[in-house]
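Here's the letter readout for the chains.
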Amino acid sequence: MEETRKWKWGKYRWWVLGLLILTWVSITFIATPIQPHIQVAPERILLEPLITLPIIGDFYLVNTLPTLILVDIIIILMALAVKKALQGGNLIPKGITSMVEMLVEVLYNMTETSAGKYTKKIFPWFASIFILVIVANFTKILPGFETIGVLHHYEHGYESQYLAGNWYNIIPVEAHRGAGYILTPFLRGVSTDLNFTLALALIAVFMTQVVGVQTQGLGYFTKFLNVKTIFSKPGLGFIDFLVGFLELISELAKVLSFTFRLFGVMFSGTVLVALMGSMLPIFAPAGIFLFELFMGAIQAFVFGMLTMVFMVQATQGHGEQADH
Amino acid sequence: MDGELIQAGKFIGAGLSMIGAAGAGVGIGLLVQGALNGMARNPDAYGNLLTTMILGIAFAEAIAIYCLVVSFMMLFVL
């Protein structure tokens, strides 16, 4: 019979207490949180467009672009670190290599149980989308994210307070109409931009069709345009044709659902953290943030998993369903 | 007066559109019930069932997120 140890306080309670006191000090003396200005479209950092293309229009420097560059740099540095560690020659990984190896192994096994012999084609898409989205969602934990930025004039804004040099602070005092400021952060989570999620969704669905054509040849498109059974089975053959048409609509629905699932979860998380930070700034945002990180990881996994499942379905034709 | 009416309409619409999240709640509850039943019958399958349950919860929650997105659109965009 094992004896149970008496539960004792750990040593991290001093860290938690110290951080709570630091939070209280910074809220009372340095910067009190304000009600956030929520905007679905990412805010513009510079008010003039960067480049203007003739037909498409203006391209502004938006909130989420520096974040995207940061996420790309983090992923590239991770890949370079793993490569350097693998060049040493010892097969036992430690540190970041072991983490990446575990991740790749778990994803590869998952792909292998579903895909069978097409694993090598499908696995890169699953892993790339997963790693990109999970790093993009975990980058939101860096300090200064969505809090440090440019103060813009705004009608219903707040007053600002001068700190030092070129740094101002925004204080929760409503300003007169037309003379207030709001904050436009420098960095905003990448997944809260509808363009990012739409691009990923379009890539995923388009590559699903490509994988289908690669494995089944041009006969893959009879999934959508099913005219084989119109004349052989008179009544039901026409229903097959309508089912093919429904499949086409379902592909478009997949694009929409991919986009709005990721965008909705991450954007509502951002809004929740900002609102909770303005209402109960001392301890509550930490709990909400943990929940948001968990949801971000789950959404990355779901995005990748759904892409993988759709690709596996694209490699299996109609007739093979009768084999089960 | 017109601007206030539109603002009131926005708030009412945003509130009404979140009724759809009830379906997601029921769906997630049914999912966890099924997963717990399976885990109780067969404790060895815990890892497999957990992964599949988390995946299913993400799908069911996505419907509630669509309602939330419509609600945000009504409040902040349109």
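Preceding this paragraph is the structure being described.
Definitions and limits used
- Residues numbered from 1 in each chain as written.
- Chains lettered and ligands numbered in written order.
- Predicted model: local features only at pLDDT ≥ 70, side-chain atom pairs only at ≥ 80, totals over all residues.
- Helix = DSSP H or I, 4+ residues; strand = E, 2+ residues; numbered from the N terminus.
- Rg over C-alpha atoms; globule rule 2.2 N^0.38 Å.
- Buried ≥ 20, exposed ≤ 12 C-beta atoms within 10 Å, placed from the backbone.
- Contact = placed C-beta atoms within 7 Å.
- Expected span 1.5 Å × (residues − 1).
- Bend = angle between axes of the 7 residues up to and from the residue.
- Nonpolar A, V, L, I, M, F, W, Y, C, P; charged D, E, K, R; others polar.
- Axes fitted to C-alpha atoms, helices over the stretch in contact; angles between N-to-C directions.
- Parallel < 35°, antiparallel > 145°, perpendicular 65-115°, else oblique.
- Left-handed = near helix turned anticlockwise from the far one by under 90°.
- Core = buried A, V, L, I, M, F, W, Y, C linked by C-beta atoms within 7 Å.

Draft legend 1. Fine view of the overall build of chain B. Helices and strands together make up the secondary structure of chain B, namely three helices and zero strands. Helices and strands in chain B line up, N terminus first, as α-α-α. Whereas a compact globule of 78 residues would reach a radius of gyration of roughly 12 Å, chain B reaches 18 Å, over 25% beyond that. Overall, chain B is about 65 × 15 × 10 Å in size when its C-alpha atoms are taken along their principal axes. Per-residue burial for chain B yields a buried fraction of 10% across its 78 residues. In chain B, the share of contacts with a sequence separation of at least 24, taken over all contacts with a separation of at least 6, comes to 79%.

Draft legend 2. Broad picture of helix 3 (residues 46–77) of chain B. Residue and element names in this part refer to chain B. In a regular helix each residue adds 1.5 Å, so 32 residues correspond to 46 Å; helix 3 covers 44 Å between its end C-alpha atoms and thus fits that length. Along its length, helix 3 reaches its greatest deviation from straightness, about 25°, at Ile63. All of the buried residues in helix 3 are Ala58, Glu61, Ala64, Ile65, Leu68, Val69 and Ser71.

Draft legend 3. Layout of the interface of chain B and chain A. Facing the 11 residues of chain B at the interface are 14 residues of chain A. Tallied by class, residues from the side of chain B that touches chain A come to 11 nonpolar, no polar and no charged.

Draft legend 4. Quick look at unusual backbone geometry. Residue and element names in this part refer to chain A. Although it is not a glycine, Glu146 adopts a positive phi angle of roughly 60°. Tracing the backbone through its elements, the reader meets Glu146 in the loop between helix 4 (119–138) and strand 3 (149–154). Judged by the 21 C-beta atoms lying within 10 Å of it, Glu146 is buried.

Draft legend 5. Up close: the packing of helix 4 of chain A against helix 7 (residues 284–315) of chain A. Residues and elements named next belong to chain A. One can describe the packing of helix 4 onto helix 7 by two numbers: an axis separation of 9 Å at closest approach and a directional angle of 165°. In terms of orientation, helix 4 and helix 7 fall into the roughly antiparallel class. Between helix 4 and helix 7 lies a crossing whose hand is right-handed. Here helix 4 contributes Ile122, Trp125, Phe126, Ile129, Phe130, Val133, Ile134, Asn137 and Phe138 to the contact with helix 7, which in turn contributes Leu293, Gly296, Ala297, Gln299, Ala300, Phe301, Phe303, Gly304, Thr307, Met308, Met311 and Val312. Its residues placed into classes, the contact of helix 4 with helix 7 shows 16 nonpolar, five polar and no charged.

Draft legend 6. Quick peek at the environment of Gly29(B). Within the secondary structure layout, Gly29(B) lies in helix 2 (residues 21–41). Between the C-alpha atom of Gly29(B) and that of Ile57(B), which follows or precedes it by 28 residues, the distance is 9.1 Å.

Draft legend 7. Broad picture of the nonpolar core. In this structure, Ile122(A), Ile129(A), Phe130(A), Val133(A), Leu262(A), Phe303(A) and Met311(A) are the most contacted members of the largest nonpolar core, which totals 41 residues. Contributing elements (two or more residues each) for this core: helix 4, helix 5 (194–216), helix 6 (234–279) and helix 7 of chain A together with helix 3 of chain B. Considering each element in turn, this core owes the most residues, 10 residues, to helix 7 of chain A. Excluding residues within four positions of it along the chain, Val133(A) makes contact with Ser191(A), Leu262(A), Gln299(A), Ala300(A) and Phe303(A).

Draft legend 8. Examining the environment of Gln35(A) more closely. Residues and elements named next belong to chain A. Mapped onto the elements of the fold, Gln35 is located in the loop between helix 1 (13–30) and strand 1 (51–53). Looking at Gln35, the number of C-beta atoms within 10 Å reads 13, which means it is partly exposed. Through-space distance from the C-alpha of Gln35 to that of Leu275 is 6.5 Å; in sequence the pair is 240 residues apart.

Draft legend 9. Region of the structure containing the packing of helix 1 (residues 2–17) of chain B against helix 3 of chain B. All names here are of chain B. Close contact between helix 1 and helix 3 brings their axes to 8 Å; oriented N to C, the two are set at 175°. The orientation of helix 1 with respect to helix 3, classified from their angle, is roughly antiparallel. Of the residues in helix 3, those touching helix 1 at Lys10, Gly13, Ala14 and Ser17 are Cys67, Val70, Ser71, Met74 and Leu75. Among the residues forming the contact of helix 1 with helix 3, the class breakdown is five nonpolar, three polar and one charged.

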